[in-house]
Protein chains: 4
Amino acid sequence: MSAQLTKPVSAGVRRGLPSGSKRAAAESFEKVRKTSERICGPLATEDYVIQTMEDVSPPKWHLAHASWFFERFLLIPSCTGYREFHPQYNYLFNSYYEAVGQRHPRPERGLLSRPTVEEIYAYRQYVDQFMLELIDAAEDEKWLQLEPLLTIGLHHEQQHQELLLTDIKHILGANPMRPAYAPPRERATGAGVPAGWVPYPSGIAEIGFGGSGFRYDNEEPRHQVHLEAYELAGALVTNGDYLEFVEAGGYGQPQHWLSDGWATVQEQSWNAPLYWERMDGRWWVMTLSGLKQLAENEPVSHVSYFEADAYARWRDLRLPTEAEWETAAAGRAVEGNLFDSGELHPRPAAPSGDEPAQLFGDVWEWTQSPYTAYPGFRPAPGAVGEYNGKFMCNQFVLRGGSCATSANHIRATYRNFFPPQARWQFSGLRLAR
Amino acid sequence: MSAQLTKPVSAGVRRGLPSGSKRAAAESFEKVRKTSERICGPLATEDYVIQTMEDVSPPKWHLAHASWFFERFLLIPSCTGYREFHPQYNYLFNSYYEAVGQRHPRPERGLLSRPTVEEIYAYRQYVDQFMLELIDAAEDEKWLQLEPLLTIGLHHEQQHQELLLTDIKHILGANPMRPAYAPPRERATGAGVPAGWVPYPSGIAEIGFGGSGFRYDNEEPRHQVHLEAYELAGALVTNGDYLEFVEAGGYGQPQHWLSDGWATVQEQSWNAPLYWERMDGRWWVMTLSGLKQLAENEPVSHVSYFEADAYARWRDLRLPTEAEWETAAAGRAVEGNLFDSGELHPRPAAPSGDEPAQLFGDVWEWTQSPYTAYPGFRPAPGAVGEYNGKFMCNQFVLRGGSCATSANHIRATYRNFFPPQARWQFSGLRLAR
Amino acid sequence: MSAQLTKPVSAGVRRGLPSGSKRAAAESFEKVRKTSERICGPLATEDYVIQTMEDVSPPKWHLAHASWFFERFLLIPSCTGYREFHPQYNYLFNSYYEAVGQRHPRPERGLLSRPTVEEIYAYRQYVDQFMLELIDAAEDEKWLQLEPLLTIGLHHEQQHQELLLTDIKHILGANPMRPAYAPPRERATGAGVPAGWVPYPSGIAEIGFGGSGFRYDNEEPRHQVHLEAYELAGALVTNGDYLEFVEAGGYGQPQHWLSDGWATVQEQSWNAPLYWERMDGRWWVMTLSGLKQLAENEPVSHVSYFEADAYARWRDLRLPTEAEWETAAAGRAVEGNLFDSGELHPRPAAPSGDEPAQLFGDVWEWTQSPYTAYPGFRPAPGAVGEYNGKFMCNQFVLRGGSCATSANHIRATYRNFFPPQARWQFSGLRLAR
Amino acid sequence: MSAQLTKPVSAGVRRGLPSGSKRAAAESFEKVRKTSERICGPLATEDYVIQTMEDVSPPKWHLAHASWFFERFLLIPSCTGYREFHPQYNYLFNSYYEAVGQRHPRPERGLLSRPTVEEIYAYRQYVDQFMLELIDAAEDEKWLQLEPLLTIGLHHEQQHQELLLTDIKHILGANPMRPAYAPPRERATGAGVPAGWVPYPSGIAEIGFGGSGFRYDNEEPRHQVHLEAYELAGALVTNGDYLEFVEAGGYGQPQHWLSDGWATVQEQSWNAPLYWERMDGRWWVMTLSGLKQLAENEPVSHVSYFEADAYARWRDLRLPTEAEWETAAAGRAVEGNLFDSGELHPRPAAPSGDEPAQLFGDVWEWTQSPYTAYPGFRPAPGAVGEYNGKFMCNQFVLRGGSCATSANHIRATYRNFFPPQARWQFSGLRLAR
C-alpha cells in the first residue's frame, strides 16, 4: 500500500502544436486551481490536517502538492528569477518522484501540523501569480514547451481533486460522530432500471488512445485485440443486488473469493462494503452528506476488486475486461453523474435505450484486467515521465470515472488502477458474461 | 505502551475537614483551568489536532479530557439538572477508566478532526460555568463530599498541563521545520557547579506521605525502610557529562546496557537523547523555543531509564533508589526551576551549600526503583480510585518534578513513573554511589 | 504470501476414455511415489522437520500431503472398508482445500515434531498398498471415474517433487554451515552461446491446450490472440549478464524497478539474487551441492519477477508475454536440462540452430503476463476443482520448467505462476523486444 | 521477550578453597552431563529440532549450548592443545554473551537442521573427554582457578535441564496430537490440605546469601530489610482454587488485572492457564504424560505473573515479597517434589505442621518483587560475569524451585526471574496478606 496510490499523472502526452491560445490556458489554469479550493470550502481547519490511513493524504497536503508540481516542473526550470516559496517544501510535498530528491514519508503526512493551512493557501497564491506571469510572458517557442507541462499539471490537479473528495470522505467517515461534509442535495430519485444484457460480437477490436488532445501515456499505443463475443449488463450493480450477497453470507464463504481476497476479508474483518454499518436492524451508509439509510436502487460503491470479483462469482458471472468495456464505451458521449453534477454520490440508473447505462460517472467500474503495458508501450524519459510503467504490478484497471471525476478529465480510453484491496474510492462494478 | 502514560490521578486522598473555603476553591479552579488555556495560547489550530506517537495526545484531547473528568465525576453525579454537553464526549474523552464505559482507542486520538478546537473551548466554558455554580450552591455536607473530588480534578488537570507541554514539544519536534512554541526567554546563564558528593548515613528511614494536605494514594502508607550509607551527586548530570558518553561510543557498546535497553537502542536506532541532532559537525537540541546549540552546562534531559542506567554504569556509578532520594529531599523547600519560572527548559545548576542542588524542578530524576506498592497499600474502591495499583509493573519511579511541573503540584513524596523506554518527558538523572 | 504457493493442482482435466491400461497406471503410480522418496534419500531426519520461511514446507509435510491427496480424494470415497491411517492427518496435511475441513496453519508446519518421519513413511506405505489394491480391483466403470483423479494425484505429487527440491535447497541454504544435499555431478561445461535474436511475425496466434492428454484447466480454453511482431533472445540471461547489473549498482537505483519492487528491495535488503554471497572479493552461490563459485556462463537463477523486470528495463529491453513464449515453444520437443538429467542445477546454453535454446528446463522463465483466466475459462465444480481460479491475482506466469521439473510434467502450454517477490524457485529470464 | 530467558548463570560465585577433591568434581561432572542426556532419552530425533516460540530452544540447542560453555570458558583457555570441535559452533551455540562474539539469532534456533542430533552427541562426548582430562591433569594452582568455573558450568547445565523439560513440554503441547513425553508415574494422590495462614512478626530481617558454597552473585550481598508483620498461606493455590476465578469470569473483568496484564489477556486471548483446555464440558490439562483431566487438589501451574497477581487481587489478597518468602524459608530443609522425585508434575499438598508446606518444589512461586539489585551489588568483571545485572528490568522474582528443578540446585536464597507474561515454566503462587 503506498506511493503508487497517487497516480503517475506525470506521464501525460500532448503532441502537435498547442491548440489553445495562452489566454484559454490561463483561464483553464485559474478554473482548475479555484476548483480545488472550492472543494475544501466546507472544511474546518482541523479537517485539513489528519491522515486516517496510509492511502489517505491530509487535504492540505493535496493543496500543497498540486502547487509543488507547478513550482517544480514549470516555475523553477522556466521562470527566470523565481524563488522557491519555502526551501523545505520540495521535501515535504514531493509525492514519489525519486529523481527530484528525498521526500517526507507518505505514512507521516498526518504528523505535520505546520505549515498551517493559511500558509499553504499563501503558497498557492504565490505559485498562481508566478504561473500566470509565466504564461503571459512566454514567447512562442517557450510556450510550445510549457503548454504540455501545464496541461499535465492541470490534469494532475484534477486527479487530486477526486482524491480530495474521497480522502475527505474517509476523514469524516472515520470519526465516530460521522460529520457531514455538505448538506444533502436535492436529487432525482429514479427507481432504477432492470439490468438487461447488451451483446457485442466477436472479432478484432482496436483499443487505446488514437486521436489528438490530452491522454496519459498508458493509454497508448492504440492496438488490436481479439475479442470473443460477450455481453455487458445494462446498468451497474446496485446496493440492493449487493445486499443479497451480504445477507446470503457471502463474506463468510471462502468459495467465492480469490485466495488473497479471503485472507483480506479475515484480516480486516470485512462484512460489507466500506461505509456500510448496521444499526438498529437497518443498514446505513456514510456519505459526504453524513449517515443515511442505504438506498437499494443506487449503485453499490466503495467495494474492492476482491469484493467485486467475489460478487460476480457468486452470481456465476464475471467482470468485463478493459478491452470489452472500452469497446462498449467507444464513441459514446461522456455524460453521466460526474463531479460537475455536484451530487457527489452515485445515483440510480435511468433508462438508456439499447446501450449500457452509467458507463461514465457514478462509480469507477472494476475490470478483470490487471494493469499492464499495452504492446509497444515505452516509458518517456526524464523526471516527469519517470514512473510511466512503475505501477504495472498487482493493480487492476478501473474504467469510466465516478461522481467525483471531472467531466473534462475522463474519456473512453482512460485507465485508472488500484490494488485489489483498495476501496476508499467511489468504486463499483458492472457484470459481464 | 499505553493508557498508563496518563497517570492514575484518580487515586488522590484528602482526609479531614476541608481547610479552604469555597471561595478559595473556586479561585483555584479558575486559575488552574485558565492555565491550561494559557499553555495552548501560542498554538496554531493545526497543532491541536495531531498525535505524533502513541504516547502523545493531541492538545485538544487534553483540554477536553480534563473537562470530561469534572463532567463525569462531579457534574453528572452531583449537579441536578446538568445535561451532558455532547452525548459522544464520554466515549471520546475517557482515558482509561474501564468502569465508565467503552472509550476511543488511544492510538487513534490523532484521527479525529472533530470536535473542532472551537467546540472544545465551548465545552470547557460550559463545564466551567456549571462547576462554579455547583461550588457556589453546595451545602456544607455536599461540599465535604465534593471538595476532595474537586481537588483531585485540579491535580489531574495539572498533570495534563505538564503532558500538554511535553506533547507540544514532541509535535513540533517531529516536524522537519522544527517550529518554535515560544520565543526564547532571557535566562540567567550560570556556569554550573562541580557535582560534589553529599553523604547520608546508614539506618532506618521513614518514607511516604505522612502529613495533611493532598497526596496520591501511591505515596501512602508512610513506612520504614532500612538504608545503607550512600552519597548523592550535588547536581544533575549535564549535557556535557552525557556528551562524553555519546562521544565515547556508549550507544554502540552493549556492556553498559540492560538487555532490554540494548534491544531498544538497536530497534530504535538511538544514538543520543531524544531531540539531539548533529548537523555540520555540531550538536543541536530541539527546545520549546526551537533548535538551539547544545549547552554543555545544562542538565541532560529527554533520556530514558535505559539511557540513565547505562550512563551510570559507564561511570561505574549508579542511580539512587527512591528512598535515598526522598530521604535527601525530606524537609527541603520546594524550590527550583519549575513551570512557574516560565523558562520551560532546564537550567544550569547554581551553588547550593552542602545540600544537593536541583532536587526540585529542571528534570524528573530517574531512580533505580521499580514502581511498586508501599507495604500495606490498598487500592481505594470505585471508579475514581479504580486504577490505584494498575500500573505497578514494568515502570520506574522518577522524583522531583521538572521545568514543566507546577510548584504546587510537586512534593518530596511525589512518585512519578514511566516505562524504561519513555523519554519524551523532561527526564534526566542524578548519580549515586 | 500464502497457501497459494502450493499450486491448485486439483484443477487438472482429463477427458475421454482412459488410454492407458490399469497396469500402466499402477506402474506410473509406483514410479512417481518412489521418486519422491528417492529425492529425500540424502536427507538427515532433522532436515525433514523444519520450515525456514512461510513459503517453504518441511519435506515430511510434502511426503504426507501428497499421500493425503490420494487418501482424501480416492481411498476414502472409493475404497470400501478403507480406514484413515490416522484421524488427525486430514487436519495436519490438508493444504488449502476449504471444502474438506479445517486445517493446520501453513506458517506452523515447522512446529510439528510429530508425526515422525518414520510414521510418515509408514503412512505412505499404507496408502500405496490400498491404492494399488484399489486400482487392481476397479471395475471398468469405476476405473473410468478413478483414472482422472489418479492422474491428477500423480501430477500433484510431481509438483511437490519440485517443491521438495527447492524447499530442501532453502533449508540447507539458510544454515550458516551451508551443507550440501548431494555431491556435485560431473557436468558438461559448455562455454555458452551468444544470445542472438529470433524474430516472430505479427498476426493472430492460438494459445492454450488443444489436444488430448493431461492438462490443468488453466491451460484452457485454446483461444486466439493478436500478436505484434517480436523477437526473443536465443538464450537465457546468464550469471555474467546479470552480474553486470549488480556491479553497475542496479540494486541501488530506483529508476529500474517497479514501485513495489523497489519497496521490496529496501525492506529485504536485497543486493543480488537469492543464494549469491560475496566473500573474499568473489561471488559464491549456494547450490544443492553446497557453495560454489559463481559460473558466469550459467543461466541466472533464483531471481524474482521484480529483479527479472528491473534487469530487462536496465538493458532497455523487456520480458516476453506468455503468448509470445508459447508461440515460440509450440511444436518444439520437450527437451532440456530437466529433473531427469539429475544435474539439479542450470547449465550453460548449447547452440540451437535458428531456434531459441533452453526453452524447456534449466530455469522457469518469468513472463510479463499477470496470471489471469483465459477467455471463457470456467472453474470446475467440487472440492478437487475448488480453487481453479482462486490464485488469479497478484501473480505472474512463468513458462518452460526448470532443472527440478520432470520431463513428463511440462509442456508448451503449461502455466506456472508465483507472486512477483518469490525467488526460492529455479526462476530466471529470457529477454524480448 | 528474549535472550534473557536463559538466565545469566555466569554470575555464580565460589569463594575460598575448593572443598571437594578433583575426583568428586569429576563425578559431579559426569553425573550432571549424563542427566541432560537422560532427560532427552524419550525424545524422537524430530523433537530435538524445533522451536515452538521464541522463548523455547530446540533440545539439541540446549545440549550443544551447555557443552559450548565448557568449551568456551574452560577448554579453550585452559586446555593446552585443545582444538574446537567445529569452527562454527561458537557462532551457533553462544546464547547471549556479547563479549565472545557474534551469535546466531535466538528466534532462528529452530531453523537449523544441522548439526544433526548425532553430531551434537558426538560434540558432547568430545567435550566430556577433554574436560575429564583437564580435571585430571590440573595442578593445584590451576585447579583453584578451574574449580569455580567448573561449578558454574554445572549449575548452568542444571538450569538448562529445567529448561529442557519445560521446552519439551511446550514442543509436545503445541502439537495437536498432544503426544506424551513419558508414561504417567504412580503417584501418591493426597487429598490436599486446607491452606491456613502462618504468621510472621514485624522487624528487621536479613536476606541474601551469607554462608559458603555456591550461589549466584544476584543473591549477594546479604543485607537487612525492614518487614511489617505478615502471613503466608500454608499451601500453594490449587487448580480448584484457580478454577473458581476462571469460572467467575476473571479473564473477562479488567478490574482485577494490571493494565499491561489486561492488554496481554486480550492480545493473546487468554482464558485459562497455559495447557488448560476445555473439551466436552470438562477441563483437561497437558502434562509431560499427555493430556489428563484437571485435578483440583494439585497446585495450579503455568500461570504468568499477571495471572498470579490478578488471582490474588480477586481474592482481595496479595503475593508475598521475596523478603517475606525468604524469611519463611530460611533454615528449612530443601525438601519437596523436585526433579529428583521423577514425577515432573506438581503434587497435592501434604500436611506440614505449623510451617508453610510446598516451599520447595512443585512450582516456582511468583513474588510481588521486581527483580533488582540488592544494595551494594556490583557485577563481576569479564565475560563469564558479563551480564550480572543485565536483566534487572521488567522481570519479577520467583522462589522455591519446581518439580523440574534439581534438589542440589535450589536454596532459600535462590532468585529466579521471568517477565510478567511468561508462563511456560512450572510457575504458580502462594498467597500472602
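Please read these numbers as outputs of a predicted model, since none were measured by experiment.

> Summarise the relation of the copies chain A and chain C; cite the residues concerned and give the values.
Of the transformation placing chain A onto chain C, the axial shift is 0.0 Å and the rotation is 180°, giving an RMSD of 0.0 Å. Given the turn and translation reported, the copies of this chain are related as if by a two-fold rotation axis. By C-alpha distance to the rotation axis, the residue of chain A lying nearest is Asn 394 of chain A, at 2.3 Å. Looking at chain A, 100% of its interface residues are interface residues in chain C too, so the copies touch through the same face.

> Quick rundown of the packing of aromatic side chains? Include the residues and the values.
Centre-to-centre distance and the angle between the planes together describe a pair of aromatic rings. Residues and elements named next belong to chain C. On inspection of all chains with the given rule, the structure shows 136 aromatic pairs over all chains. Relative to Phe 70, the ring of Phe 69 has its centre 6.3 Å away and its plane inclined at 85°; by these criteria the two rings are edge-to-face. Taking the relative accessible area as the measure of exposure, Phe 69 reaches 0% and is therefore buried. Residue Phe 70 is classed as buried on the basis of its relative accessible area of 0%.

> Give me the lowdown on the packing of helix α2 (residues 59-78) of chain A against helix α4 (residues 117-137) of chain A, citing residues and values where you can.
Residue and element names in this part refer to chain A. The interhelical angle for the contact between α2 and α4, taken along N-to-C directions, is 30°, at an axis separation of 9 Å. One element, α2, and the other, α4, form an angle in the roughly parallel class. Judged by the sense of rotation from one axis to the other, the crossing of α2 with α4 is left-handed. Residues Lys 60, Leu 63, Ala 64, Ser 67, Trp 68, Phe 70, Glu 71, Leu 74, Leu 75 and Ser 78 of α2 lie in contact with α4, whose contacting residues are Val 117, Ile 120, Tyr 121, Tyr 123, Arg 124, Val 127, Phe 130, Met 131 and Leu 134. A breakdown of the residues in the contact of α2 with α4 according to their chemical character gives 14 nonpolar, two polar and three charged.

> For the interface of chain A and chain C, give the residues involved together with the corresponding values.
Opposite the 29 residues of chain A that make contact, chain C presents 29 residues. Roughly 2,500 Å² is buried in total at the junction of chain A and chain C, and carbon and sulfur atoms are behind 52% of that figure. Inspection of the region where chain A meets chain C yields zero salt bridges. Broken down by secondary-structure element, the contributors of at least two residues to the side of chain A that touches chain C are β5 (223-227), α7 (259-268) and α8 (305-314) of chain A. Tallied by class, residues from the side of chain A that touches chain C come to 13 nonpolar, nine polar and seven charged.

> Which residues make up the interface of chain B and chain A, and what values do they have?
Between chain B and chain A, the residue contacts involve 29 residues of the former and 29 residues of the latter. For the pair chain B and chain A, the summed buried area comes to about 2,400 Å², and 62% of that belongs to carbon and sulfur atoms. Considering only the side of chain B, the residues that lose the most area to chain A are Glu 46, Arg 114 and Met 177 of chain B, jointly responsible for 30% of the buried surface there. Taken together, the connections running from chain B to chain A amount to two salt bridges. Scanning the region where chain B abuts chain A turns up 10 residue pairs in polar contact (both at pLDDT 80 or more). At the level of secondary structure, the elements contributing two or more residues to the side of chain B that touches chain A comprise α3 (89-93), α4 (117-137) and α5 (140-173) of chain B.

> Any chance you could break down the relation of the copies chain B and chain A for me, citing the residues and the numbers?
Of the two same-sequence chains, chain B is brought onto chain A (RMSD 0.0 Å, axial shift 0.0 Å) by a rotation of 180°. Looking at chain B, 100% of its interface residues are interface residues in chain A too, so the copies touch through the same face.

> Outline the environment of Arg 23 of chain A, supporting the account with residue identities and numerical values.
All names here are of chain A. Note on placement: Arg 23 falls in helix α1 (residues 22-40). Looking at Arg 23, the relative accessible area reads 65%, which means it is exposed. Each C-alpha atom, one on Arg 23 and one on Gly 401, is 29 Å from the other, the two residues being 378 residues apart in sequence.

> Requested: an account of unusual backbone geometry, with residues and values cited.
A cis amide bond links Arg 114 of chain A with the next residue in sequence, Pro 115 of chain A, at an omega value of -5°. Inspection of the secondary structure puts Pro 115 of chain A in the loop between α3 (89-93) and α4. Positioned with a positive phi, Leu 344 of chain B is a non-glycine residue whose angle comes to about 55°. Tracing the backbone shows Leu 344 of chain B in the loop between β10 (336-337) and β11 (360-361). By relative accessible area, which is 13% here, Leu 344 of chain B ends up buried. Although it is not a glycine, His 302 of chain D adopts a positive phi angle of roughly 60°. For His 302 of chain D, the location among the structural elements is in the loop between β9 (290-293) and α8 (305-314).

> Tell me about the arrangement of the chains, and please be specific about residues and values.
The two units chain B and chain C are non-contacting; their minimal C-alpha-C-alpha distance is 15 Å. Regarding chain A and chain D, the two do not touch, and the least distance separating their C-alpha atoms is 15 Å.

> Could you give an account of the side chain of Arg 423 of chain D, naming the residues involved and the relevant values?
All names here are of chain D. Position of Arg 423 among the secondary structure elements: in the loop between β14 (416-418) and β15 (427-428). For Arg 423, a relative accessible area of 11% gives the class buried. Side-chain polar atoms of Arg 423 contact the side chain of Glu 307, separated by 2.7 Å. If near-sequence neighbours (up to four positions away) are discounted, Arg 423 is found in contact with Trp 270, Ala 272, Pro 273, Leu 274, His 302, Val 303, Ser 304 and Glu 307.

Cut-off values and rules
- Residues numbered from 1 in each chain as written.
- Chains lettered and ligands numbered in written order.
- Predicted model: local features only at pLDDT ≥ 70, side-chain atom pairs only at ≥ 80, totals over all residues.
- Heavy atoms only, no water.
- Least-squares fit on C-alpha atoms with pLDDT ≥ 70 in both.
- Contact = heavy atoms within 4.5 Å.
- Phe/Tyr/Trp six-rings, centres within 6.5 Å; stacked < 30°, edge-to-face > 60°.
- Buried < 20%, exposed > 50% of the residue type's maximum accessible area, 1.4 Å probe, protein only.
- Axes fitted to C-alpha atoms, helices over the stretch in contact; angles between N-to-C directions.
- Helix = DSSP H or I, 4+ residues; strand = E, 2+ residues; numbered from the N terminus.
- Parallel < 35°, antiparallel > 145°, perpendicular 65-115°, else oblique.
- Left-handed = near helix turned anticlockwise from the far one by under 90°.
- Nonpolar A, V, L, I, M, F, W, Y, C, P; charged D, E, K, R; others polar.
- Buried area = accessible area lost by both parts, 1.4 Å probe.
- Salt bridge = Lys/Arg side-chain N within 4 Å of Asp/Glu carboxyl O.
- Polar contact = N/O pair within 3.5 Å; in protein donor to acceptor, adjacent residues only side chain to side chain.

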